[in-house]
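Here is what each chain is made of, one letter per residue.
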Amino acid sequence: MLLTKALLAVFAIASTATGAAIGNQKEQPNILFIFTDDQDARLDSLSYMPNVQKHLVQQGTTYRNHYATIAVCCPSRVGLLRGQYAHNTNITDVSPPHGGYEKFNRLKLGEDYLPLWLKKSGYSTHYIGKLMNEYTVNNYNNPVPAGFDYQDQLVDPFTYTYNTAVFSRDGEAPVFYHNTYQTDVIHTKALTALKAQRNSDKPFFLWVAPMAPHGQFRFDPDGGLESIKSEPPISAARHADLFQDVKIPRRPNFNPANQTKTASYWKFLDRLTEDEVDELDETYRRRLRALQAVDELVGSLFDELETQGKLDNTYIVYSADNGYHLGQHRAYAGKTTNIEEDINVPLLVRGPGVAKNKVSDIVSAHHDLAPTFLALAKGDEHVPAWVDGGVIPWTEHLQSHPKPASEETFAVEFWFEQLFNEYKPHLNAPSGANTYKTLRVISEKYNLKYAVWCTGEHELFDLKEDPYELDNIYGSSEVSVQLLDRLDALLSVLQTCRGPTCRDPWRVIHPDNKEIRTLTDALHQKYDSLYRRFRKVTFKECLSYFSAANEEPNDLLLHDEEQQDVPYSSPSQLVAEQQMAFVHQDEQCLHHFDLSSVQTKSPLAMSRKEVHRLYKLVPQSTDPVGHNVPSEAELEKRASPVPQELLDNPVDWVKYGFYSKFGN
C-alpha cells in the first residue's frame, strides 16, 4: 500500500475527532516547522539556499537574536519539545546516563509535551526525520513517541549515515530504503504527508527534521568497529560538484594569531595549521552541499501549500537545534561551546501577520517556540505552568500575549568534561572542563555576554563593540562593579530558574517593583545595596551533568552577617580574589555517573565483531546516491524490512562508539 493511502486513512480518522478543542478550528492556522541539525546562523549557510531565501527570507522575517540554550542535539531538542531549559528537563547529554531517548521516557517527559498540547488544541500532528538520539532499532516501539497522528522517525544506529536511510513509521518495525539519500527520503515522506492534507479542513502541525548538515559515521572498508570514524556530511550525488571555491568566512575570530578567548580549555588550543584550515574549508563546502537537498525539500513544500491554497493560512518556521563552529577561536569543528557560532541559530518565520523581507532583533530562545506555537494555535490553556519559555511576538496579536518571552535575557548552559572536536579527536583541548553558565542580555542599548565557568573563570564580552568575542573585559577598569552585580544577580536567578522566573527574572530580584523590566532600569544607584547582597554564581566542582546541589545556593541573598560592611572592590581586585579562592583541580571535569539513571534493560554482551556484523545486516550503498528525489511509488519499491535478527538483539550502541566520540 502506498504511503499516501495509509496517511489518508490516518487523517480521515483524525478529522472525525470531536471535542471543544476543535470547535474553533476554522480560525486556527496550519504550522509547518522545518528543523535542521547543526546548521549555523553565523557562517552564512542560509545564503546558499535559494528556496529558503525566496520563500522565507524574502517573504518572512529573519529573527537574528534567536538562540539555543544548550548547544548540542538531544538536550536542545528535548528542551524545545518541553519548552524548558536543560537544567529542568535533566537531559544534558546525547546518550546515557545523562541523555537520550531511554532517559527521556524514564523521566516521563514524553507524557506532557508539545505534540500532545497541540492535539488537545485540535490539531493533527506529524513528525518526519530525526527526533532525538538513542531512538534505535531496539526501542523504536518501547514506547512509540506519543502525540503524533503520523510519524516517520530516523532510527539509530543509522541516523548518521546519509546513504543508509532507516525509518520507523508509527512505531512499526523499521524499514530501510535501498540506494536512497536520506534527506530525499524525508523529502518524499514530508511531501506525501502534506499532500494528504488536501481534502482536510483540520489544522495541521507538520514537523520536518532532516539530519543535514550533521556529520556522518564511516567505517574503513576492511575494518570493524575499531575503524569507526566521523566525517563531514556527504551530499546527494546531484550536488557533489557545487561550491568548489567557497571558503569559510574569514572573520576576526577565525583561527586568530593571538588567542584572546582563554577560559578553561580555550587557552590550550593551538593555532590551526594551513592543512587543517584547508580541511575546514572542505567541511564547510560539504555542509553547504548537504543543505541543497534540504533547500529542494523547502521548495517542494511551498509549492504544495500553494497548490492547496493553504499558504496564506500557514505559519512556516525554519530553525536548527544548535549552531556550529569551524575554526573560530582556533576550535576545529563542532558545537557545545558558548561562542555565538554555536548558540545563535537560524529562525525564519513566514505567515499571516508576519512582516515580509524584514530582519528583527527580537530576543528569543528555543524554549519559547512551544508556547509560541500554542499561542498561534489558540491553545494557550494547554501549556503547563511549569514551561520556562514565553510567547515570541511574531505578529501584532502576539505582542499583547499575557505570557511573553523574556524581553532581553536568557541563559546558555552546558556540562561536560572537555571540548570534543568532531572529525579530528587529536585536536581536542588537552585540558579544561566544558561546564559553564552563560548570561545573554540583548537590547538596542547593549549586547552583553557574561559567563561563569566551573573552573572559577569569568568572561564578559560587549558584543556591540566586540561582535567576535575578542576582548574579555571582565576585570577591566571600564566595567563597574555595579554592572557585574546586576549580571551576577540575573545569572544566579536563571542558573536554576523554573517557569515564570525564567521568563521574568527581574520579578525574583524586585518582587514588589514591576517598573524594573530591563538592565537599564536595574542600574539605578538606589538599587546598589540590594545587588551587593546577591550571591555570586559558583560551582562546587566541575561535573559533566546537572546537579542542583552543585549549583543551587540555599538562598540567593547573603545573610545580614555575611554582607554587612562589604566594601565595593575594584573589578581587578575581584578577579584576584576569585583566582585566589579557586581550588585548582587540574581543570578536569569529574565525570560522575548517577547509577540510578542508567538504563534498566541490559543489552546483550557481545564482541565488537558481532556488533559490526549486526550493523552490516542493513546493506549500505558504496556508490553515490541521490541522483534524483524518488516519487512516492519509487520510494515504496525501495523499502525493505530491517532484518529481524538486528531488531531482536539489543545493542548498547553508545558503548561501541556510535555517540561518545562525535555523534551529538
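Model, not experiment: these values are computed from the prediction.

Give a detailed account of the pattern of salt bridges, specifying residues and quantitative values.
Under the defined criterion, the tally for this structure stands at 36 salt bridges. Note that K449 and E469 form a salt bridge whose closest N and O atoms lie 3.2 Å from each other. Taken together, the positions of K449 in strand β17 (residues 447-453) and E469 in the loop between β18 (458-462) and α11 (481-494) put the pair 20 residues apart, joining distant regions of the chain. Each member of the pair, K449 as well as E469, carries the same accessibility label: buried. Notably, a salt bridge pairs R507 with D504, separated by 3.0 Å at the nearest N-O pair. Classification of D504 by relative accessible area gives partly exposed; the value is 23%. Residues joined in a network through salt bridges with shared partners are R42, E340, R440, K449 and E469.

Which residues make up the sheet that holds strand β13 (residues 347-350), and what values do they have?
With mixed pairing, the 11 strands of this open sheet are ordered in space as β14-β2-β13-β10-β1-β7-β3-β4-β5-β6-β19. In the strand order of this sheet, the two ends are held by β14 (358-365) and β19 (639-641), each with one partner. Across this sheet, the average inter-strand angle for adjacent strands is 20°, counted without regard to direction. In terms of strand pairing, strand β10 (residues 314-320) meets β13 through four bridges, oriented antiparallel. Note that in β13 the partner of Y318 across the bridge is L348. Where helix α10 (residues 369-376) meets the sheet, its contacts fall on β1 (30-36), β2 (61-67), β7 (204-209), β10, β13 and β14, and the angle it forms with β1 comes to roughly 160°.

Give me the lowdown on the packing of helix α7 (residues 182-195) against helix α8 (residues 274-308), citing residues and values where you can.
For the pair α7 and α8, interaxial distance at closest approach is 10 Å and the crossing angle is 10°. Between α7 and α8, the angle is such that the two are roughly parallel. Residues T183, D184, I186, H187, A190, L191, L194 and K195 of α7 touch α8, and the partners they reach there are A293, V294, E296, L297, S300, L301, E304, L305 and Q308. The class makeup of the residues in the contact of α7 with α8 is nine nonpolar, four polar and four charged.

Definitions and limits used
- Residues numbered from 1 in each chain as written.
- Predicted model: local features only at pLDDT ≥ 70, side-chain atom pairs only at ≥ 80, totals over all residues.
- Heavy atoms only, no water.
- Salt bridge = Lys/Arg side-chain N within 4 Å of Asp/Glu carboxyl O.
- Helix = DSSP H or I, 4+ residues; strand = E, 2+ residues; numbered from the N terminus.
- Buried < 20%, exposed > 50% of the residue type's maximum accessible area, 1.4 Å probe, protein only.
- Pairing = 2+ DSSP bridges.
- Axes fitted to C-alpha atoms, helices over the stretch in contact; angles between N-to-C directions.
- Contact = heavy atoms within 4.5 Å.
- Parallel < 35°, antiparallel > 145°, perpendicular 65-115°, else oblique.
- Nonpolar A, V, L, I, M, F, W, Y, C, P; charged D, E, K, R; others polar.

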